[in-house]
Protein chains: 2
Amino acid sequence: MNHPLFLYLLLQLSFLIAPFNISAQEDYKLWLQYKKVQDTKIASNYQSKINGIYALGNSETIQAATKEMQSGLSGLLDRTIALQQNTNSENLLILGIQSSLDEAILKNLKNELDLINNEGYLIKSIQLKNKKHILITAKTDIGVLYGVFNFLKLLQTNQSIENLAITDAPKINIRMLNHWDNLDGTVERGYAGFSLWNWQKLPDFIDQRYIDYARTNASIGINGTVINNVNANALILTPQYLEKVETLAKVFRPYGIKVYLTARFSAPIEIGGLKTADPFDADVKNWWKEKAKEIYQRIPDFGGFLVKANSEGQPGPQNYGRNHVDGANMLADAVAPFGGMVMWRAFVYSEHDADDRAKQAYSEFVPYDGKFRDNVIVQVKNGAIDFQPREPFHPMFGAMPKTPLMMEFQITQEYLGFSTHLVYLPKLYQEVLESDTYSKGKGSTVAKIIDGTLDHHKITGIAGVANIGNDINWTGHPFAQANWYGFGRLAWNPYQDSETIAEDWLRMTFSNEENFIKPVKEMMLESREAVVNYMTPLGLHHIMDTGHHYGPGPWVSNLSRPEWNPTYYHKADTKGIGFDRSKTGSNATAQYAPEVAKIFDNVVTCPEKDLLWFHHLSWDYKLKNGEKLWNSLAFKYQEGVNQVASMNATWNKMEHYVDETRFKEVQMLLNIQHKEAKWWRDACLLYFQQFSGKELPKGVEKPTQTLDYFKSLQFPFAPGN
Amino acid sequence: MNHPLFLYLLLQLSFLIAPFNISAQEDYKLWLQYKKVQDTKIASNYQSKINGIYALGNSETIQAATKEMQSGLSGLLDRTIALQQNTNSENLLILGIQSSLDEAILKNLKNELDLINNEGYLIKSIQLKNKKHILITAKTDIGVLYGVFNFLKLLQTNQSIENLAITDAPKINIRMLNHWDNLDGTVERGYAGFSLWNWQKLPDFIDQRYIDYARTNASIGINGTVINNVNANALILTPQYLEKVETLAKVFRPYGIKVYLTARFSAPIEIGGLKTADPFDADVKNWWKEKAKEIYQRIPDFGGFLVKANSEGQPGPQNYGRNHVDGANMLADAVAPFGGMVMWRAFVYSEHDADDRAKQAYSEFVPYDGKFRDNVIVQVKNGAIDFQPREPFHPMFGAMPKTPLMMEFQITQEYLGFSTHLVYLPKLYQEVLESDTYSKGKGSTVAKIIDGTLDHHKITGIAGVANIGNDINWTGHPFAQANWYGFGRLAWNPYQDSETIAEDWLRMTFSNEENFIKPVKEMMLESREAVVNYMTPLGLHHIMDTGHHYGPGPWVSNLSRPEWNPTYYHKADTKGIGFDRSKTGSNATAQYAPEVAKIFDNVVTCPEKDLLWFHHLSWDYKLKNGEKLWNSLAFKYQEGVNQVASMNATWNKMEHYVDETRFKEVQMLLNIQHKEAKWWRDACLLYFQQFSGKELPKGVEKPTQTLDYFKSLQFPFAPGN
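By the naming in an unreviewed UniProt entry, chain A goes by Xylan alpha-1,2-glucuronidase and is assigned to Flavobacterium zubiriense. Under the Subunit (unreviewed entry) heading, UniProt states for chain A: "Homodimer." Listed under Sequence similarities (unreviewed entry) in UniProt, the entry text for chain A is "Belongs to the glycosyl hydrolase 67 family."

Visitor: How do you make sense of the overall build of chain A when you look at a structure like this?
Guide: Helix and strand content of chain A: 23 helices and 15 strands. A globule of 721 residues ought to have a C-alpha radius of gyration of about 27 Å, and chain A, at 27 Å, matches this closely. When the 721 residues of chain A are sorted by exposure, 63% land in the buried category. Sequence-distant contacts in chain A: of pairs separated by 6 or more residues, those separated by 24 or more amount to 73%. When the accessible area of chain A is evaluated, it comes to approximately 25,700 Å², of which 49% is carbon and sulfur surface. The centroid of the 73 positive side-chain charges in chain A is displaced by 3 Å from the centroid of its 79 negative side-chain charges.

Visitor: Teacher, can you tell me more about the interface of chain A and chain B here?
Guide: By a widespread convention, an interface's size corresponds to the accessible area lost as its parts come together. Counting from both sides, the interface comprises 62 residues of chain A and, opposite them, 61 residues of chain B. Carbon and sulfur atoms make up 63% of the surface buried where chain A meets chain B, a total of about 5,400 Å² over both sides. At the boundary of chain A with chain B, the tally comes to two salt bridges. A salt bridge links Asp204 of chain B to Lys675 of chain A; the nearest nitrogen and oxygen atoms lie 2.4 Å apart. Every element with two or more residues in the side of chain A that touches chain B is listed here: α1 (4-16), α2 (23-26), α4 (60-76), α7 (208-219), α8 (239-252) and α22 (660-692) of chain A. Ranked by residue count, the leading element in the side of chain A that touches chain B is α22 of chain A, at seven residues. In terms of residue class, the side of chain A that touches chain B is built from 31 nonpolar, 18 polar and 13 charged.

Visitor: Teacher, can you tell me more about the confidence of the model for chain A here?
Guide: Low pLDDT means the predicted atomic positions in that stretch should not be read closely. Residue and element names in this part refer to chain A. Averaged over all residues, the pLDDT of chain A is 95; the fraction at 70 or higher stands at 97%. Confidence drops under pLDDT 50 across residues 1-23; counting only partners more than four residues distant or on other chains, this segment forms 32 contacts. Interface scoring of the predicted complex returns ipTM 0.95; its pTM is 0.96.

Visitor: Where do I start with the side chain of Glu408 of chain A in this structure?
Guide: The topology assignment puts Glu408 of chain A in strand β12 (residues 405-410). Excluding anything up to four places from it in sequence, Glu408 of chain A contacts Asn178, Trp180, Arg345, Gln379, Val380, Lys381, Asn382, Phe387, Ala463 and Val465 of chain A.

Visitor: Please clarify how the UniProt feature "domain: Glycosyl hydrolase family 67 C-terminal" (unreviewed entry) in chain A should be interpreted in this entry.
Guide: The feature "domain: Glycosyl hydrolase family 67 C-terminal" (unreviewed entry), as annotated in UniProt, sits at residues 475-700 of chain A in this numbering. Here residues 475-700 of chain A runs as 53% helix and 2% strand, with 34 Å between its end C-alpha atoms.

Visitor: What exactly am I supposed to notice about the sheet that holds strand β2 (residues 92-97) of chain B here?
Guide: In any sheet, the strands associate via hydrogen bonds between backbone groups, in a parallel or an antiparallel arrangement. All names here are of chain B. In spatial order, the strands read β1-β2-β4-β3-β5; together these five strands make up an open sheet with mixed pairing. Two strands close off the open sheet at either side, each with one partner strand: β1 (52-55) and β5 (165-168). Pairwise comparison of adjacent strand axes, ignoring direction, gives a mean angle of 25° for this sheet. Two elements, β2 and strand β4 (residues 131-138), share six bridges in a ladder whose sense is parallel.

Visitor: Could you clarify how one ought to interpret the relation of the copies chain A and chain B in this entry?
Guide: For the pair of chain copies, the relating transformation is a rotation about an axis with a translation along it. Between chain A and chain B, which share one sequence, the superposing operator has a rotation angle of 180° and an axial displacement of 0.0 Å; the RMSD is 0.0 Å. What the superposition gives is, in effect, a two-fold axis relating one chain to the other. With an isologous cut-off of 70% or more, the 98% of interface residues of chain A that recur at the interface of chain B puts this contact in the isologous class.

Visitor: Help me out: how do you make sense of the packing of helix α17 (residues 514-535) of chain B against helix α21 (residues 629-652) of chain B in this one?
Guide: In a packed pair of helices, the relevant descriptors are the angle between the two axes and the axis-to-axis distance. All names here are of chain B. One can describe the packing of α17 onto α21 by two numbers: an axis separation of 8 Å at closest approach and a directional angle of 155°. Taken together, α17 and α21 sit at an angle that is classed as roughly antiparallel. Seen along the crossing, α17 lies across α21 with a hand that is left-handed. Mapping the contact onto sequence places Phe516, Pro519, Val520, Met523, Glu526, Ser527, Glu529, Ala530, Asn533, Tyr534 and Met535 in α17 and Lys636, Tyr637, Glu639, Gly640, Val641, Gln643, Val644, Met647, Thr650 and Trp651 in α21. Considered class by class, the residues forming the contact of α17 with α21 number 12 nonpolar, five polar and four charged.

Visitor: Looking at this structure, how should I read helix α6 (residues 141-156) of chain A?
Guide: Because each turn of an α-helix spans 3.6 residues, side chains separated by three or four positions in sequence point in the same direction. All names here are of chain A. Its 16 residues place the ends of α6 23 Å apart at the C-alpha level, agreeing with the 22 Å of an ideal helix rising 1.5 Å per residue. The element α6 is largely enclosed, with a buried count of 15 among its 16 residues. Where α6 ends, the next residue or the one after it, Asn158, has phi of about 60°, a positive value.

Visitor: Teacher, can you tell me more about the pairing of strand β6 (residues 174-178) of chain B here?
Guide: Sheet faces and side chains relate simply in a regular strand, where the side chains alternate between the two faces. All names here are of chain B. With respect to burial, β6 is a largely interior element, five of its five residues being buried. Of the two faces of β6, the one lined by Ile174, Met176 and Asn178 and the one lined by Arg175 and Leu177 are each fully buried. Bridge analysis of β6 against strand β7 (residues 224-226) gives three bridges, and the strand direction is parallel. Each bridged residue has a counterpart across the sheet, and for Leu177 the counterpart in β7 is Thr225. Tracing the backbone out of β6, into helix α7 (residues 208-219) and back to the parallel element β7 gives a crossover that is right-handed.

Visitor: Please explain the sheet that holds strand β13 (residues 461-465) of chain B as it appears in this structure.
Guide: All names here are of chain B. If you trace the eight strands once around the closed barrel, you get β6-β7-β8-β9-β10-β11-β12-β13, paired in parallel fashion. Within this sheet the neighbouring strands show an average axis-to-axis angle of 25°, counted without direction. Examined bridge by bridge, strand β11 (residues 376-381) and strand β12 (residues 405-410) share four bridges and lie parallel to one another. Note on β12: the bridge partner recorded for Val378 is Leu405.

Visitor: Before we go on, may I ask you to explain the environment of His570 of chain A in this structure?
Guide: Residue and element names in this part refer to chain A. Among the secondary structure elements, His570 is positioned in helix α18 (residues 566-570). Each C-alpha atom, one on His570 and one on Arg507, is 41 Å from the other, the two residues being 63 residues apart in sequence. When sequence neighbours within four positions are dropped, the list of residues in contact with His570 reads Leu540, Ile543, Pro554, Ile577, Gly578, Tyr687 and Phe688. Here Ala572 takes part through its backbone nitrogen, which lies 2.9 Å from a polar atom of the side chain of His570.

Visitor: What is the right way to read the nonpolar core from this model?
Guide: Nonpolar side chains in soluble globular proteins tend to end up buried together. Core analysis: the biggest nonpolar cluster contains 458 residues, and Phe151, Trp651 and Phe688 of chain A together with Phe151, Trp651 and Phe688 of chain B have the highest contact counts within it. Those residues in contact with Phe688 of chain A, other than ones at most four positions away along the chain, are Leu540, Ile543, Pro554, His570, Ala572, Ile577, Trp619, Trp630, Leu633 and Tyr637 of chain A.

Visitor: It is not clear to me how the environment of Ser266 of chain A should be interpreted in this structure. Could you clarify?
Guide: Residues and elements named next belong to chain A. Tracing the sequence through the fold places Ser266 in the loop between β8 (258-262) and α9 (267-270). On the basis of relative accessible area, Ser266 is assigned to the buried category, the value being 6%. With 53 residues separating them in the primary sequence, Ser266 and Asn319 have C-alpha atoms 9.7 Å apart. Sequence-distant contacts of Ser266, that is, excluding residues within four places in its chain, are made with Ala277 and Pro315. Reaching out from Ser266, the side chain makes a polar contact with the side chain of Glu270 at a distance of 2.7 Å.

Visitor: Is there a simple way to explain the packing of aromatic side chains in this structure?
Guide: How two aromatic rings sit relative to each other is set out by the distance from centre to centre and by the angle between their planes. Per the counting criterion, the structure on display carries 97 aromatic pairs over all chains. Taking the centre distance of 6.3 Å and the plane angle of 75° together, the rings of Tyr592 of chain A and Phe614 of chain A count as edge-to-face. Of this pair, Tyr592 of chain A sits in the loop between β14 (576-577) and α19 (594-601) while Phe614 of chain A sits in helix α20 (residues 611-614); the two residues are 22 residues apart in sequence, bridging distant segments of the chain. Phe614 of chain A sits in the buried class, given a relative accessible area of 0%. When the centroid spacing of 6.3 Å and the interplanar angle of 70° are considered together, the rings of Trp555 of chain B and Tyr687 of chain B count as edge-to-face. Within this pair, whereas Trp555 of chain B is found in the loop between α17 and α18 (566-570), its partner Tyr687 of chain B is found in helix α22 (residues 660-692), the two being separated by 132 residues in sequence. Just above the ring of Trp474 of chain B sits the side chain of Arg209 of chain B; from NZ or CZ to the centre is 4.4 Å. The ring centre of Tyr568 of chain B lies 4.6 Å from the NZ or CZ of Lys571 of chain B, which sits over that ring.

Visitor: Which parts of the structure should I look at to understand unusual backbone geometry?
Guide: Glycine aside, residues mostly have negative phi angles, and peptide bonds mostly take the trans form. In this structure, the amide linkage connecting Leu202 of chain A to the following residue, Pro203 of chain A, adopts the cis form with an omega of 5°. Looking at the element boundaries, Pro203 of chain A is found in the loop between β6 (174-178) and α7. A positive phi angle is found at Phe387 of chain A, which is not glycine, with a value near 50°. Topologically, Phe387 of chain A is positioned in the loop between β11 (376-381) and β12. The exposure class assigned to Phe387 of chain A is buried, which follows from its relative accessible area of 2%. Non-glycine residue Asn310 of chain B carries a positive phi angle of around 45°. Positionally, Asn310 of chain B belongs in the loop between β9 (304-307) and α11 (324-335). Relative accessible area serves as the criterion here: at 15%, Asn310 of chain B is assigned to the buried category.

Thresholds, definitions, all that
Residues numbered from 1 in each chain as written. Chains lettered and ligands numbered in written order. Predicted model: local features only at pLDDT ≥ 70, side-chain atom pairs only at ≥ 80, totals over all residues. Heavy atoms only, no water. UniProt positions renumbered as here; feature names shortened; annotations may be inferred. Helix = DSSP H or I, 4+ residues; strand = E, 2+ residues; numbered from the N terminus. Rg over C-alpha atoms; globule rule 2.2 N^0.38 Å. Buried < 20%, exposed > 50% of the residue type's maximum accessible area, 1.4 Å probe, protein only. Contact = heavy atoms within 4.5 Å. Areas by Shrake-Rupley, 256 points an atom, 1.4 Å probe, with all protein chains shown as cover. Lys, Arg positive; Asp, Glu negative; His and termini not counted. Charge placed at Lys NZ, Arg CZ, Asp CG, Glu CD. Buried area = accessible area lost by both parts, 1.4 Å probe. Salt bridge = Lys/Arg side-chain N within 4 Å of Asp/Glu carboxyl O. Nonpolar A, V, L, I, M, F, W, Y, C, P; charged D, E, K, R; others polar. pLDDT = per-residue confidence, 0-100. Pairing = 2+ DSSP bridges. Axes fitted to C-alpha atoms, helices over the stretch in contact; angles between N-to-C directions. Least-squares fit on C-alpha atoms with pLDDT ≥ 70 in both. Parallel < 35°, antiparallel > 145°, perpendicular 65-115°, else oblique. Left-handed = near helix turned anticlockwise from the far one by under 90°. Expected span 1.5 Å × (residues − 1). Right-handed = clockwise from strand over helix to strand, strands pointing away. Polar contact = N/O pair within 3.5 Å; in protein donor to acceptor, adjacent residues only side chain to side chain. Core = buried A, V, L, I, M, F, W, Y, C linked by side-chain atoms within 4.5 Å. Phe/Tyr/Trp six-rings, centres within 6.5 Å; stacked < 30°, edge-to-face > 60°. Lys NZ or Arg CZ within 6 Å of the ring centre and 35° of its normal.

The following block contains the structure:
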């Protein structure tokens, strides 16, 4: 079978019979394409090094790991790798937890596993009776599965598999997705179709998607999922729905993914028949205890509750004169006996609070530092407003050392062009994680707060608001898959570089060809700055159109709550533009550590990317490059448009490296993005020009429509609203 | 390359490297799987007879036909069939319209094409200079495309391709899908996810699905689609949406599919700024004329409007004291200059009409016979109530000889278990089409009315309310694909046998193995009678639970409109059960031709399957088999359950013939169906037992739950509601 002529003929034929119609399916497979390794030298090296699988243990997780390994290799190596019952043959992949390994194998280990946590893994080249093998082991089954995915990644990215000695372990305990999925199938801020969860057909119908969802998440180390919206419906806690949740939990369990639910604070009234949801009421406490018990009887490894309380109309403890600590601790007590967690969200702001919205969460939560139960973690968005293209890090990070804080990133693209704009978000995540809070002096980065090292927290967590829907490609935009992937990678290790992650993703998803990787990686890395430039440059924020947050709406000023209006945020007038949050203004800067406050407070030291976030400046204010603010703003908008044009040009050269369907999809979407970047530029500059009273500088294209035209645009039925 | 050893090795290897993860994609491909022909003798015959493609013409449709042929053959024959520039080589597939053929080819034709209509095709084995070829030709491009799909079907179903001389042409002009898709992405009565149409991303993003939708529909001859809900939103007629519709029309055009829209009768008010929508108002008439002009400027082959007027709360001409003719003719005048059609629905009933709901559409429409414009067709549901598992044919068929009537079948499964129940609906369609209206004496079948032969109508039509959504498998249930397929086949030729259609579908979709075909075909054919038995046997109807129509609700009697209550339909009391529609009752029977009325009127001649539709009978009434009604009813419910059990048993033996994903999907769904068949039996029999006061006969399983339990079941967020 290895006769060279035969292989040659086979390759020729494989090429000829490449089918027409499978490309729509590439999209579905995300970064687990497991396409045949194209580089023949590398492929033949892999072939020679992998000759069988020897799997120890029979848990569902080990079975999943073994199946994944077989499946992955059958694609990558284009042949079936047989399961072996012993280690007599050579070049085996040996899979199993440490305690299942026999003495001969264990002799190959040093103390690698002692140095890593329960979810970590080891991939190591070993010898048994002079035969070479590759061992993938861990303390736990799930560690083995993570090891398998990471071994497959080596092949997917064409790396060497010789002399392997890789240890790796996650730096954050809880790495989770938050699905804002409603029980009616819609997804709040979802732009990739509708909810994955088919509540109608659950519990008896298990969609193959649920399994692929779990596999895919496990491949990047995600270990938790909140399957329903933070704007919660209490029905999810009824037996009818818990039976369905139980089935999902069962499907996810072998892949190490725990299910969490959002808890609607008023559930004791709505489904419990009580007259109050007061957390001090004995019946209420008892109701939640019994509810927790009921859930854990069905789902012994249930993760716990995520709660949005007294925020944007959601019920909460304040309805009864209690506070966030009272509410969170009551729920924490209910799940504590079963090892459950409570994620209490800090995304609060009030129309009754006249203070700067950016200050309100800090003001409300920081006084509670140290008062929450041990199994409560406070979930904080990365910025103080709401998932903008760019925000300075949230001042709560570093301000509550006695309380574990969990990061909430957005993977879905509210305020970011939905799933029509290519924006590589790990650049944003990295910027936030690397931000220095100075809370314990220089080097007190957000990452160190999140992973517990700075304040010595045992419980650590990170959440991403999912961009997943039932579109065939899961995320609406083929490149939005990279945001899901990148979130998972950074959740595992918040110190990783987003460039490395982009490259891995491209290799796994599309191609290992250098002529593809290099330009497309650059395109991805530039994309986040592009969106900032064409939407909200120089620290502008929240000037999106109302409600759906799609497209520009800096003119909107008629909403009932002042802090819902874009005019609240940009404060443009004839004198200038920007929100003065310095000590001469709202003094939001004072919520940061003194070292940081000083930098932001001073218009000279304040990073220009955050300038209008912290300062209201004259249209004639000169930036460091000597240009006046008005011109600089205009140039930034133009630059954003130019960057998208350049992304288009790059992609148009990639036809050769990508299947036809995905190539065209991305091409069409980049065209939309280009059109809409111009729309943003023209609408915003025309609007701000009313105040600046200045001409557009040379080099900035003239708008082709009037401001009234842009104001007249309506988007009925915009998704996710 | 044809060395036998090589082929042997290749086959061995192909088997070994069968990938793991592609099976989820089989679902997507519907009946166009184009899998490699498995029977080696047949395959080798095909290989020897097909050696190239010679395509004449360069229209988009011919290009699509050529691409489909290549794509199909590359799968079926497992090799690329090259395009040829001439007929020098042998065994070519020659594609092209008659007028593009050269003299040498034309000599092979007799008058085959003269005998068929513009959409028909000819597939014929011919000789050119002693070389054998296969010619696929037609009068029009679309005929060629239909010919290509039908040639591929020959291969897909393993039929001979020697001495071919096939002519075929559709018997109905307008063969269309009705999508009840809302602009917010939900689908009324949709159980396969959400709408295919991504209005947010249109017009600039063309989902691959739109193309595959068009291809798939063309493969069965569908040539029209109403893309939005009959409960219409006027926004679809605004320029913003028409631009999106235009794009869809452009995508569908090469596949011979015309786009139609629903017209909300009050659109002139809602989007036109008029104060009335009175069809006699000059401004209103003019508004529609201008709107039609605007649409045709964008979409020159726009099909026309489908209208639901003065029905279930929809606005209509009666709001202004006008009638259906006034409304329909006004719209017809607007589209007539452009060759457009108006489909006016006859699905009307009123809460202000105390008469039997089953009689109201007839009463309202029949007096208008002959009064509609030539480009109006009245669209009538197959039965007089609403898409029940079984209804007698609608009395309007045969009663309006001067008006073309269009059939409206339901492909989606409202009242039929959603997409969780396997119900092969072509059996239902066939039963209706074969029904004899006696309108011009014996043999005046519904099919002959629909296809225009009985009353000599030039315009003929048939519509199916689509079961298509954005689920990966399009229809929610793998076997629901057969209903889409079967509808298309019967729309093309309403005289076909549903058994043949089932067999073709199975062969194309799953396997040509006889051991699979025979039992699974039987399962499909029995499935429709099964659902009648376990839901609504012996003529019962509309006893589904309220609103969502999922599951049994014969007890519901509290709805505001009497004819929405199940109790209105079954009229069970201590004396008996059934709706007396005979001359002693509502006299609905009088709406049929005298011959039919006589049969239905007489309880002795009335078919037992329709018994309780037409008669209220004592619980002790004896059926033809000598059993009393109560016992018969109970036996029917039990029989339905047994049939589903038997469907389960059949399917469980099919694992060997079907990919793992689809096998398991169907298995899980059949389990749900079995559970729910028992639910139907138990709930209905417990409820009716209150009136009959009789024990369940032997052989009928005892319910395991109480009637109160069944009454307590709630289905919040049931889809499609």
